[in-house]
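Coordinates in review
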Amino acid sequence: MREASSSNGARRRRVLATLLGLELRLLLRDKRTIIIAVLLPLLIYPAFILAMRAVSRAGQERLEAATYEYAITGSEAELARSLVQEALALSAAEDDSAEVPTNFVERVADAPDSLLRAGELQLVVEWMSHEEYRAEREAEAEGDTAALRRLDELAAVPAVRLSFRSNSELSSTAASRMGARLRRLRVERRDRLLRERGLPLDPGELAKLELNNVAPAEKEAGAVLGMILTPLLVLLMLSGGSVVAADAISGEKERGTIETLLTTAARRGEIVAAKQLAIIGVGIAIAVINVANLLVYVVLGVFELPERFAVSVEPVALIVLLLLFLPLTGVISATLLALSGYSKTYREYQIYFFPVLLLFLFPSAAAVLPGIELRSAIVLVPVANISVAVREVLVGTYDWLFLGLTFAVTMAAALYTSRLTSLALSTERLITAAELDRAELIGGPALFPKRVLRWFGIMWVTLFITSLWLGATLGIRLQVVVNILGIFFGGSLLIIWRYRLQPREVLALRPVRLPVWIAVLIGAPSAYLVGVGLARLADLILPVPERMLESFGEYLIAPELALWQVILFLAVIPGIFEEIAFRGVLLSGLRKRLRPVALCLVTGAIFGLFHIDLFRIVPTAFLGAILAAVVLISGSIFPAMLWHALNNAVALVPAYLELRIAEPPLWSFGLGVLGLALAFWILWRYRSRAALAGGDGGG
Amino acid sequence: MTEPTVAVRGLAKTFYDEARGEVRAVDGIDFDCRPGEIFGLLGANGAGKTTTLRMLATILRPTAGVARLMGRDVVEEPVAARRTLGFYSATTALYPRLTARETLEFFARVNLYPEEKVDARVDYLVGRFGIAEYVGARVEKLSTGMKQKVSIARTVAHDPPILIFDEPTVGLDVINALEMARVIRELRDEGKTIIFSTHIMSEAEKLCDRIAIIHNGKILASDTLDALRVATGRHYLEDIFVDYVGGVEEMPGFIRESGSAAE
Ligand SMILES: Nc1ncnc2c1ncn2[C@@H]1O[C@H](COP(=O)(O)OP(=O)(O)O)[C@@H](O)[C@H]1O
Ligand SMILES: [Mg+2]
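Bear in mind the structure is a predicted one, so any value in this text is a computation, not a measurement.

Remarks on the site of ligand 1
Contacts to ligand 1 come from 15 residues, most closely from Arg20, Gly46, Lys49, Thr50 and Thr51 of chain B. Near ligand 1, the surrounding residues belong to chains A and B. Alanine 47 of chain B has a polar backbone atom sitting 3.2 Å from an oxygen atom of ligand 1. The contact in question runs from an oxygen atom of ligand 1 to an N or O atom on the backbone of lysine 49 of chain B, over 2.8 Å. When ligand 1 is considered free in solution it has 560 Å² of accessible area, and contact with the protein chains removes 81% of it. Of all the secondary-structure elements, those providing two or more residues to the shell around ligand 1 are strand E1 (6-17) and helix H1 (49-56) of chain B. The element that contributes the greatest number of residues to the shell around ligand 1 is H1 of chain B, accounting for 3 residues.

In structure tokens, the structure reads:
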């Protein structure tokens, strides 16, 4: 036995080596591959750096030559004027490059703020007394007493506000330079005071200085590099890998060599593996050349870098970067290969290539989004998470847990795509003209189970994008309308219409008996308690950051809503329409493909993923699974709707009424488990036999 | 009688086509082939020849039925089945960026011809098919005739007992077509099992030991030419064919003259 299996292993190794040999030989004999995979990545850094240097030198010269006009306002303008002049007069000798002397000219104006906005002034220096400043903060703080208390602890000194326009480079530079000078003046004065008096006088502050926080130059440069590195790499890998991938299958198809290859003793999986290894080889070559470029030009500083490109990259960062790029290469190569397998000709491949390019470039530029952190739902988005992770690593932030998660998520995506690719290649589409299967030909309802996940994928992406771009700006009510009515309900209607489904069947719109409603009344609060317990358990594994908790609390409290609105928008509407989408359309779509337990778990997990907030996934997935079970057992969606609405009400209303319920004690979880068991016992006693038995939700 | 090396029972393939709906390309066929014999599949364009042969080569998955090559089921043991097989068709091509020698080495190895004998086997093939002159040249530089020789050599690179030729003479000039027929006969005489498909009557008449007439996915008759003559009382294969198929007008795309363009 053993001998047989080891000789089988040897056989497979031999076939794989032979196939890989073929792929590499073909690859190396193609000049385009060499140019795109080696030459281009090799040259792109020096070219980029030279261009950046030219641009930034020109910019620098312009900034040096410019005259910065500023105005002084505020109640203590006279004092201010003298201090500003003193600050500007500070010797430039010990300055670093960021503070080269510049021409600041005061302009006396009546309405300096409007001049600033109009772009005629670069800077407004506003000088306020402590009392004025405090009054202003008090108005802004709206009861945030902590900040005010901190203010009161400081000495009663005047405050300076530098107003500028961040979208004007001149104005920003003026603010940062003026700010730096004022800060230095403050330090020098304090030192002088201390020196003169020789006593432990609280140096306090000469003046509070309110200014935009200019990140340290190095980190800023890291951020710039971090933003462009991933898209750049993705672009290079896609173009490099693309040449190989196109040749790998659609080229072979066009030439007819694939048929020859498929009739040999090589397995489909081996053929795919060899091709993918070849593309990954190209991808890795590109990644290594890029990281080596980084090492040569940036870390070792082979030649002088432009100001905004100078970055300190630790050796460990290079290793982490390589590790992050590995699964990226995997996803890209598998996708390209699938694409190549899917296209019948080289031409067709080129047509599909462009949308795929965009599909990768968008998430790979996720790091450009302002304020996005790896410790958020972005970690679940393959490619985008790599982009954000790379930026964080380049500014020296190592969130190991989430870096690991990033690696795992994108790696999983890579494996999944490879599997799809293997499947795509084993279908007969490879050889023959478009091969439909039975369901595809019949279309309509038969096709629905095969497509339902694809639709929910689209809905997820839509939700993710809208919440990224609009999340903060929409009020809660609008958010509910867009997400729940627009995406979930609209999507469901679209699916029902597209596949000509029977709403009554798909949504399980059937009446139930009275005991079922009682079970729901018991079950919903019980399940909520259990969910809270589970969330706490999850918290042990994946701690919720403080800041998250705060914003979640704000969301829960939603002060601008009246109670009835809270109940309508956050309990009733989600209860009805999220059920229609998830326990209606999704559940019946997956029903034929999964056994009941798996069906509940998968439905729950997908429901959880739709709650973009990473830290709500566990409790919502739990709720989703329970609700799926309720629909399966009762044979109707209505109990699940009530359950869902009750659940949300139980979660929100006490918080809204500011009833600060203490942490639920441990025994309450036990109570929850008991209540849940009771509810399911009742549900089971009055179960709908037809619904449980019928695979397609019929009858 | 020797054991059949190819056994086909109830083999069927249905395609679902957007324009035409359900297409029963192959509709339950049975046949056997034996070593040292050329078995011919004769049928018009679209009769189901290529679909049948692709199922034997495991490129297509049968909708129903079984097929065994050297006792290996094509669905259960596709890899083992393919190892016993050399597949040649007008659409199987060579890698343009490989040399002739590299091509032969690759196909011998990937079909698991014993590693230590690969060199000797390639030398033998180079000599036998007369490709020594250009064995080091890239395939893309070769003429059609040269490519054809390399192609046949790669089909038998791993010395398989079964050889499938799917309309191998399509697109060849007369000289090359005759050369192809000569090689196929030679291989038969060496004891290979050969399945040969064609839509050209004269080709089937001259080359095949047994002929199966395939039409609309069904095999209407399958026997030696002499037995078919006895059964129908006609002499020419063309007449025999029409007898079975029941009228030329039912066969769009059917070409009666040999050697003309096809597909
Ligand atoms: N991939 C496919 N999808 C749909 N129909 C197909 C496909 N491949 C072949 N067919 C159809 O099956 C029938 C048999 O084709 P084929 O086996 O190629 O015939 P032959 O090789 O005898 O000319 C034809 O009607 C053809 O159009
Ligand atoms: Mg054919």
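On we go from here.
Some words on unusual backbone geometry
Here the phi dihedral of alanine 508 of chain A falls at roughly 50°; this positive angle occurs in a residue that is not glycine. Looking at the element boundaries, alanine 508 of chain A is found in the loop between helix H18 (503-506) and helix H19 (514-541). We classify alanine 508 of chain A as buried; its relative accessible area is 8%. With a phi angle near 50°, methionine 70 of chain B is a residue other than glycine that sits in the positive phi range. Relative to the helices and strands, methionine 70 of chain B is located in the loop between strand E4 (64-69) and strand E5 (72-73).

What about the interface of chain B and chain A?
Chain B puts 40 residues into the contact, and the matching count from chain A is 34 residues. Between chain B and chain A the total buried area reaches about 3400 Å² when both faces are included, carbon and sulfur atoms providing 58% of it. Summed over the three residues of chain B that lose the most area to chain A, namely Tyr16, Tyr95 and Arg97 of chain B, the buried surface amounts to 25% of that side. Summed over the shared surface of chain B and chain A, the result is 4 salt bridges. Ionic pairing is found between arginine 25 of chain A and glutamate 102 of chain B, a salt bridge with its closest N-O pair at 3.7 Å.

Notes on the pattern of salt bridges
Where charged atoms from two side chains of opposite charge come close, those side chains can pair. All names here are of chain B. For the coordinates displayed, the defined rule picks out 35 salt bridges over all chains. Glutamate 186 serves as the salt-bridge partner of arginine 128, at 2.8 Å between the closest nitrogen and oxygen. With a gap of 58 residues between them, arginine 128 in helix H4 (residues 118-128) and glutamate 186 in helix H6 (residues 174-189) connect regions that are remote in the sequence. The shortest N-O distance in the salt bridge between glutamate 186 and arginine 182 comes to 2.5 Å. Placement of both glutamate 186 and arginine 182 in helix H6 is noted, with a separation of 4 residues, approximately one turn of the helix. Accessibility expressed as a relative area gives 29% for glutamate 186, which makes it partly exposed.

Side note on the packing of aromatic side chains
All names here are of chain A. The final tally for this structure, using the stated rule, is 18 aromatic pairs over all chains. Arranged with centres 4.6 Å apart and planes meeting at 65°, the rings of phenylalanine 489 and phenylalanine 577 form a pair that is edge-to-face. Note that phenylalanine 489 is positioned in helix H17 (residues 476-498) and phenylalanine 577 in helix H21 (residues 563-590), a separation of 88 residues in sequence. The class for phenylalanine 577 is buried, based on a relative accessible area of 18%. Put simply, the rings of Phe456, Phe488, Phe582, Phe607 and Phe610 pair up and form one aromatic cluster. The ring of phenylalanine 607 has arginine 583 sitting right over it, with the charged end atom 4.3 Å from the ring centre.

Digging into the nonpolar core
Of all hydrophobic cores here, the largest spans 127 residues; its most connected members are Phe325 and Trp643 of chain A. A domain-level breakdown of this core finds at least three residues from each of domain 1 (17-57 + 218-433) and domain 3 (448-693) of chain A. Of all hydrophobic cores here, the second largest spans 65 residues; its members include Ala274 of chain A together with Phe107, Leu112 and Phe196 of chain B.

Notes on the sheet that holds strand E2 (residues 21-33) of chain B
Residue and element names in this part refer to chain B. Pairing is antiparallel in the open sheet, where 4 strands are placed in the order E2-E1-E4-E5. Two strands bound the open sheet, and with one partner strand each, they are E2 and E5. As paired elements, E1 and E2 share 10 bridges and run antiparallel to each other. Following the sheet pairing, valine 8 is matched in E2 by phenylalanine 31.

What about the confidence of the model for chain A?
All names here are of chain A. Of all residues in chain A, 78% attain a pLDDT of 70 or more, and the chain-wide mean is 78. Model confidence for chain A, summarised as mean pLDDT per element, is weakest for strand E5 (residues 208-210) at 47 and strongest for H21 at 91. Note that residues 201-217 has pLDDT below 50 and, in this model, 38 contacts with residues that lie over four places away or in other chains. Across residues 547-554, confidence stays below pLDDT 50; counting only partners more than four residues off in sequence or on other chains, it has 6 contacts.

What about H6 of chain B?
All names here are of chain B. Here H6 is 16 residues long and its end C-alpha atoms lie 23 Å apart, about the 22 Å a rise of 1.5 Å per residue gives. Within the sequence span of H6, burial applies to Asn176, Ala177, Met180, Ala181, Val183, Ile184, Leu187 and Arg188. Each buried residue of H6 sits inside an arc of 165° when the element is viewed along its axis, so together they form one side. Opposite the buried face of H6, by more than 90 degrees, sit the exposed residues Val174, Ile175, Leu178 and Asp189.

Criteria and cut-off values
- Residue indices begin from 1 for each chain and proceed along its sequence in written order.
- Just so you know, chain letters begin at A and ligand numbers begin at 1, following the order they were written in.
- Predicted model: local features are reported for residues with pLDDT of at least 70 only, side-chain atom pairs are reported and counted for 80 or more only, and whole-chain, interface and lining totals are derived from all residues.
- In computing side-chain values, all of the structure's heavy atoms are included and hydrogens and water are not.
- Only a single heavy atom is needed: when it lies within 4 Å of a molecule or strand, its residue is near that molecule or strand.
- For this analysis, a polar contact is any N or O atom pair within 3.5 Å, provided that within protein one partner can donate a hydrogen and the other can accept it, and provided that sequence-adjacent residues contribute only side-chain to side-chain pairs.
- For the accessible areas, the method is Shrake-Rupley and the probe is 1.4 Å, while residue cover comes only from the protein chains on display.
- Comment: elements are numbered from the N terminus, with helices defined as DSSP H or I runs of at least four residues and strands as E runs of at least two.
- Buried means the residue's accessible area, taken with a 1.4 Å probe over protein chains only, is under 20% of the maximum for its type, while exposed means over 50%, and partly exposed covers the values in between.
- Contacts are assigned to residue pairs that have any heavy atoms within 4.5 Å of one another.
- Two parts placed together each lose some accessible area; with a 1.4 Å probe, that loss summed over both constitutes the buried area.
- The term salt bridge refers to a side-chain nitrogen of Lys or Arg lying within 4 Å of a carboxyl oxygen of Asp or Glu.
- In this scheme Phe, Tyr and Trp rings, the latter by its six-membered ring, pair at centre separations within 6.5 Å, and the angle between planes marks the pair as stacked below 30 degrees, edge-to-face above 60, and tilted otherwise.
- Two conditions define a charge located above a ring, namely a distance within 6 Å from the ring centre to NZ of Lys or CZ of Arg, and an angle within 35 degrees of the ring normal.
- Definition of nonpolar core: a set of buried residues of the types Ala, Val, Leu, Ile, Met, Phe, Trp, Tyr and Cys, connected through side-chain atoms within 4.5 Å.
- Domain boundaries shown here were taken from an automatic or database domain assignment.
- Criterion used throughout: strands pair if DSSP finds at least two bridges between them.
- One number per residue, pLDDT, summarises how confident the predictor is, and it ranges from 0 to 100.
- By this rule the span expected of a helix is its residue count minus one, scaled by 1.5 Å.
- Along the arc lie the directions from the helix axis toward the C-beta atoms.

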